[in-house]
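One-letter residues, chain by chain:
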Amino acid sequence: MPQDPMDFEWSYWTEWGRERILWLLAGHLLVSQVSRLLVEKYKPWCLMVYGMAACWLLLGIKGFAVILLHATISFAVAQFQLSLLTWICSLILLSTLRIPAVEEAKRKWYDTENEYYLLLFTVSVRCLFCTSFSLEYCWHGPAQKSSHSFLWMLAYVFYYPMFHNGPLMNFDEFSKQMRRQEAFCLRTNLSILIVGIIRIFFWWCLAELMIHLMYIHALYSSAPPLKAVSYWALGGLALAQVLFFYVKYLVLYGVPALLLQMDGLKPPALPCCVSLMHSFTKMWRSFDVGLHCFLVRYIYVPMGGSQSSLLGMLFSTALTFAFVSYWHGGQSYLWYWGALNWLGVIVESGVKRMLSITLIQDLI
């Protein structure tokens, strides 16, 4: 039975996975386990070299040069130790992905659109990693600068399991865990690997069943069927779509999370089932945990967050969702999506504050 071709993300990453990425991830696993067994002290640098080689192989010398250039510029700007300047630099680098002339030049580097999109997605995610490193560099004193060297930035930026699509891990967490040296147990790692592969295979089979049997995205791409069905059916289609989105990211984030575990790191928690969520706030906290931690640490809290006045909280939340919308591409529908999410979070927050009033609690 033919599959629903309308979910670009699933088709794209499964195709790349079968062709090259899974093989390169297997190579990373081999390098990681050998380095943990023989040269634990040099594991970050072994994985850095492997990640750079994998990037060169998959994106070519020009793609590799773009990512290295972004990292170098970010590191140079971070030397001024000004958070605002770092953010301006990050936003400018991110904006270069949307300049038509630059897009056209990059397209000419590759034979297919899929190869160009791989560079686009990779550089978008690398921008977040460069921003995380640069802001941590700005916030740490001179005594800690040795742990924030350019070499450590490259080890972080070119760490391959999170290279193309995430998940995101903030630099300080990555550095702390990567420096920690633990006893290596082949049997324990092998059991983690086998159990992890079985779980990911189950999720992948479930996603494939959904995309071959349910045709959720094909239905959404055609207006007549949507106009013909009842509101209950539309609600069911919406639920089916978000459930598929959840299962899809169990696979897309589950694979790198398993490799992080094999490397002795603690990965961000996998997405929480959307059927268990009943609020915008919980959705943002527990679906993409790595992105949530990034947004809270580098945007929401520095801008005041929940500890500021009501207007300050509204502004810091709006700025957070504005960045998310811009990072995802900045198209008009993303701004609407960001605004609606911001509104949902604000309404929930307002209701919680109202319910915390003693008089309201007594009435309840």
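Going by an unreviewed UniProt entry, the protein chain carries the name HHAT palmitoyltransferase and comes from Heliornis fulica. UniProt's Sequence similarities (unreviewed entry) comment on the protein chain is quoted here verbatim: "Belongs to the membrane-bound acyltransferase family. HHAT subfamily." The Subcellular location (unreviewed entry) comment attached to the protein chain in UniProt states, word for word, "Endoplasmic reticulum membrane".

Turning our eyes to something else, we now look at the overall build of the protein chain. In terms of helices and strands, the protein chain carries 16 helices and 0 strands. Relative to the compact-globule value of 21 Å for 364 residues, the protein chain shows a C-alpha radius of gyration of 22 Å, a close match. Over its C-alpha atoms, taken along the principal directions, the protein chain stretches across nearly 60 × 55 × 50 Å. Looking at the protein chain as a whole, 47% of its 364 residues qualify as buried.

All right, on to empty space enclosed by the protein then. Evaluation of the coordinates by the stated rule reveals 2 cavities of 30 Å³ or more. Every residue lining the largest cavity is listed: Pro167, Tyr253, Ala257, Pro268, Ala269, Leu270, Pro271, Phe287, Asp288, Val289 and Gly290. Of the pockets and cavities examined, the second largest cavity occupies roughly 40 Å³. What lines the second largest cavity is simply Trp87, Ser90, Leu91, Leu94, Cys127, Leu128, Thr131, Phe323 and Trp327.

Quick look at the domain arrangement of the protein chain now. The domain architecture assigned to the protein chain consists of domain 1 (8-179) and domain 2 (269-363). Spacing between the C-alpha centres of domain 1 and domain 2 amounts to 27 Å. Across the boundary between the two partners, domain 1 contributes 17 residues, which contact 14 residues of domain 2. Between domain 1 and domain 2, roughly 1400 Å² of surface is buried when both sides are summed, and carbon and sulfur atoms account for 66% of that area.

Taking 1.5 Å per residue, 13 residues should reach 18 Å; helix 3 (residues 83-95) reaches 18 Å between its end C-alpha atoms and fits that length. The set of residues buried in helix 3 consists of Thr86, Trp87, Cys89, Ser90, Leu93 and Leu94. The buried side chains of helix 3 occupy one side of the element, clustering within an arc of 160 degrees when seen end-on.

Evaluated as defined, the whole model comprises 37 aromatic pairs. When the ring of tyrosine 160 is compared with that of phenylalanine 163, the centres are 5.9 Å apart and the planes differ by 25 degrees; the resulting orientation is stacked. Phenylalanine 163 carries the same exposure label as tyrosine 160, and that label is buried. By the ring-pair criterion, three or more aromatic residues cluster together here, those being Phe75, Phe129, Phe133, Tyr137, Phe150, Tyr156, Tyr159, Phe171 and Phe174.

To continue, consider the nonpolar core. The biggest cluster of nonpolar side chains holds 91 residues, and the ones touching the most others in it are Phe158, Phe174 and Phe323. Here this core gets 14 residues from one element, more than from any other, and that element is helix 2 (residues 43-78). Taken domain by domain, the makeup of this core includes at least three residues from each of domain 1 (8-179) and domain 2 (269-363). Leaving out residues up to four positions away in the same chain, phenylalanine 323 has contacts with Trp87, Leu91, Leu94, Leu128, Phe294, Leu295 and Ile299.

We now examine a nonpolar patch on the surface. Judged by side-chain polarity, Leu340, Leu343, Val347, Val351, Met354, Leu355, Ile357, Leu359, Leu363 and Ile364 come together as a nonpolar surface patch covering roughly 1000 Å² of accessible area. Elements with a contribution of two residues or more to the nonpolar patch: helix 15 (332-355) and helix 16 (358-363). Here leucine 355 lies in helix 15.

So, about unusual backbone geometry. The amide bond that connects glycine 166 to the next residue, proline 167, takes the cis arrangement and shows omega of 5 degrees. Its location among the elements puts proline 167 in the loop between helix 6 (150-157) and helix 7 (171-179). At glutamine 81, a residue that is not glycine, the phi angle is positive and equals roughly 55 degrees. The topology assignment puts glutamine 81 in the loop between helix 2 and helix 3. Residue class for glutamine 81 comes out partly exposed when judged on its relative accessible area of 38%.

On to the packing of helix 1 (residues 8-38) against helix 11 (residues 231-262), then. At a minimum axis separation of 9 Å, helix 1 and helix 11 run at an interaxial angle of 15 degrees. On the basis of the axis angle, helix 1 is roughly parallel to helix 11. For the element pair helix 1 and helix 11, the recorded crossing hand is left-handed. Taken together, the residues of helix 11 that come into contact with helix 1 (itself represented by Glu9, Trp10, Trp13, Leu22, Leu25, Leu29, Ser32, Gln33 and Arg36) are Phe244, Phe245, Lys248, Tyr249, Val251, Leu252, Val255, Leu259, Gln261 and Met262.

Procedures and definitions
- Here, residues in each chain are numbered from 1, in the same order as that chain's written sequence.
- For a predicted model such as this one, the threshold for reporting local features is a pLDDT of at least 70, and the threshold for listing and counting side-chain atom pairs is 80 or more; totals across whole chains, interfaces and linings nevertheless cover every residue.
- Derived side-chain values reflect all non-hydrogen atoms in the structure, with water molecules and hydrogen atoms excluded from consideration.
- UniProt positions are given in the numbering used here, feature names are shortened, and annotations may be inferred rather than shown by experiment.
- To qualify as a helix, a DSSP run of H or I must reach at least 4 residues; to qualify as a strand, a run of E must reach at least 2; elements of each kind are numbered from the N terminus.
- Atoms considered for the radius of gyration are the C-alpha atoms alone. The globule rule reads 2.2 Å times the number of residues to the power 0.38.
- Relative accessibility under 20% of the residue-type maximum defines a buried residue, over 50% an exposed one, and the middle range a partly exposed one, all with a 1.4 Å probe and only protein chains included.
- Here a cavity denotes a set of grid points, spaced 1 Å apart and computed over the protein atoms alone, in which a 1.4 Å probe fits but from which it cannot get out, and a pocket denotes an open set meeting protein on both sides within 12 Å along at least five of seven lines; residues with an atom within 4 Å of a point are reported as lining.
- Grid points are joined across faces, edges and corners, and a volume is the space filled by probe spheres set on the points.
- Here the limits of each domain have been adopted from an automatic or database domain assignment.
- The contact definition used throughout considers only heavy atoms, calling two residues in contact when any of these lie within 4.5 Å.
- Accessible area that two parts lose when put together, with a 1.4 Å probe and added across both, is what the buried area reports.
- Take the residue count of a helix, subtract one, and multiply by 1.5 Å to get its expected span.
- Note that the arc is defined by the directions from the helix axis to the C-beta atoms.
- The rule is short: rings of Phe, Tyr and Trp, with Trp giving its six-membered ring, pair when the centres are within 6.5 Å, and they are stacked under 30 degrees, edge-to-face over 60, tilted in between.
- By convention a nonpolar core is built from buried Ala, Val, Leu, Ile, Met, Phe, Trp, Tyr and Cys residues, the set being connected through side-chain atoms within 4.5 Å.
- To count toward a patch, a residue needs a relative accessible area over 30% and no salt bridge; like charges are then connected within 9 Å, while nonpolar side chains (Val, Leu, Ile, Met, Phe, Trp, Tyr) are connected within 5 Å.
- Calculation of accessible area relied on Shrake-Rupley with a 1.4 Å probe; when residues are assessed, cover is drawn exclusively from the protein chains displayed.
- By convention in these notes, a salt bridge is any Lys or Arg side-chain nitrogen within 4 Å of a carboxyl oxygen on Asp or Glu.
- Lines are fitted to the C-alpha atoms to define the axes, a helix being fitted only along its stretch in contact, and any angle between axes, read from their N-to-C directions, falls within 0 to 180 degrees.
- Angles below 35 degrees are treated as roughly parallel, those above 145 as roughly antiparallel, those between 65 and 115 as roughly perpendicular, and all remaining angles as oblique.
- Here is the rule for handedness: rotate from the far helix to the near one, and if that takes an anticlockwise turn smaller than a right angle the crossing is left-handed, while a clockwise turn gives right-handed.

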